[in-house]
Amino acid sequence: MRDGRRYTYYIVLSIIFAAVYLLQSGIGLLPRIFAVSPLPLLPLVTVIAMFESKAAAFAYGLFAGLLMDILSRRFFCFNTLFFAVAAVAVALLIELMFNNAPRTAAVLGGVVCAAYYFIYWLAFLLPSTGDAAAFLVRFSLVGAVYSWLFTWPFYFLLRWMSQREHRRAI
């Protein structure tokens, strides 16, 4: 691709990234299910990692984690570390093992969302809640599934953008 078009692609991707972050952190913009808000940045970073290089995936994962850590009341850097590692892991899995397909996006998006909520529950909620098993089902499971539902719109949007850029480059 020509450099000018590639920069335009990254600018549009960053605008989508910022819009999703504002949608996620905005008060009342996304409906809550059982008092759980989704984290659409999780599947967005997963899908970005599927279409970009390891370095770009790391950069977007790091940035998403930093944005979430800014609003976090818990351990600073948890989100940064998780998002960066998850993004690089997904990029490596796509490069070495899996095809970039909607089913793969669904599986990887589900694994990343489930891993995030389980590790969050294990590290922060298990020690501080009395009924940890009920909290796992009520909070973590609902949050992971709710966040995972954003995988398909992001996947098809980024696939369309990527195909459009590749067609222009030819």
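Residues numbered from 1 in each chain as written. Predicted model: local features only at pLDDT ≥ 70, side-chain atom pairs only at ≥ 80, totals over all residues. Heavy atoms only, no water.

1. What to know about the pattern of salt bridges
According to the stated counting rule, one finds 1 salt bridge in the structure shown. Glu95 serves as the salt-bridge partner of Lys54, at 2.7 Å between the closest nitrogen and oxygen. Of this pair, Lys54 sits in helix 3 (residues 54-71) while Glu95 sits in helix 4 (residues 78-96); the two residues are 41 residues apart in sequence, bridging distant segments of the chain. Relative accessible area serves as the criterion here: at 34%, Lys54 is assigned to the partly exposed category. (Salt bridge = Lys/Arg side-chain N within 4 Å of Asp/Glu carboxyl O. Helix = DSSP H or I, 4+ residues; strand = E, 2+ residues; numbered from the N terminus. Buried < 20%, exposed > 50% of the residue type's maximum accessible area, 1.4 Å probe, protein only.)

2. Section: the side chain of Ser147
Relative to the helices and strands, Ser147 is located in helix 6 (residues 132-148). Polar side-chain contacts of Ser147 include one of 2.8 Å to the backbone nitrogen of Leu39. Aside from chain neighbours lying at most four places away, what touches Ser147 is Pro38, Leu39, Pro43, Cys113 and Tyr117. (Polar contact = N/O pair within 3.5 Å; in protein donor to acceptor, adjacent residues only side chain to side chain. Contact = heavy atoms within 4.5 Å.)

3. Details of helix 2 (residues 41-51)
Counting buried residues along helix 2, 11 of its 11 residues qualify, which places the element largely inside the surrounding structure. Taken residue by residue, helix 2 has Leu41, Leu42, Pro43, Leu44, Val45, Thr46, Val47, Ile48, Ala49, Met50 and Phe51 as its buried positions.

4. Quick word on a nonpolar patch on the surface
Taken together, Phe58, Leu62, Leu66 and Phe76 make up a surface patch of nonpolar side chains, about 340 Å² in accessible area. Note that Leu66 resides in helix 3. A residue is classified by how much of its surface remains accessible, and Leu66, at 36% relative accessible area, is partly exposed. (Patch = residues over 30% accessible without salt bridge, like charges linked within 9 Å, V, L, I, M, F, W, Y side chains within 5 Å. Areas by Shrake-Rupley, 256 points an atom, 1.4 Å probe, with all protein chains shown as cover.)

5. Focus on the packing of helix 2 against helix 3
Interaxial distance between helix 2 and helix 3 falls to 9 Å at its minimum, and their mutual angle equals 170°. Classified by the angle between their axes, helix 2 and helix 3 sit roughly antiparallel to one another. Taken together, the residues of helix 3 that come into contact with helix 2 (itself represented by Leu41, Val45, Ile48 and Ala49) are Ala57, Tyr60, Gly61, Ala64 and Met68. Split by residue class, the contact of helix 2 with helix 3 holds 8 nonpolar, 1 polar and no charged. (Axes fitted to C-alpha atoms, helices over the stretch in contact; angles between N-to-C directions. Parallel < 35°, antiparallel > 145°, perpendicular 65-115°, else oblique. Nonpolar A, V, L, I, M, F, W, Y, C, P; charged D, E, K, R; others polar.)

6. Remarks on the side chain of Glu52
Of note, Glu52 is situated in the loop between helix 2 and helix 3. Side chain to side chain, Glu52 and Tyr9 meet in a polar contact 2.8 Å long. Of the polar contacts made by the side chain of Glu52, one reaches the side chain of Tyr10; its length is 2.8 Å. Once residues lying within four places of it in the same chain are set aside, the contact partners of Glu52 are Arg6, Tyr9, Tyr10, Leu13, Ala57 and Ala91.

7. Brief notes about the packing of aromatic side chains
All told, the structure shown has 20 aromatic pairs when counted by the stated rule. Relative to Tyr117, the ring of Tyr116 has its centre 5.5 Å away and its plane inclined at 90°; by these criteria the two rings are edge-to-face. Here Tyr116 matches Tyr117 in class, with each residue buried. Relative to Trp152, the ring of Trp148 has its centre 4.7 Å away and its plane inclined at 70°; by these criteria the two rings are edge-to-face. Overall, the relative accessible area of 24% leaves Trp148 in the partly exposed class. Three or more aromatic residues link up through ring pairs in this structure, and these residues are Phe78, Phe82, Phe83, Tyr116, Tyr117, Tyr120, Phe135 and Phe139. (Phe/Tyr/Trp six-rings, centres within 6.5 Å; stacked < 30°, edge-to-face > 60°.)

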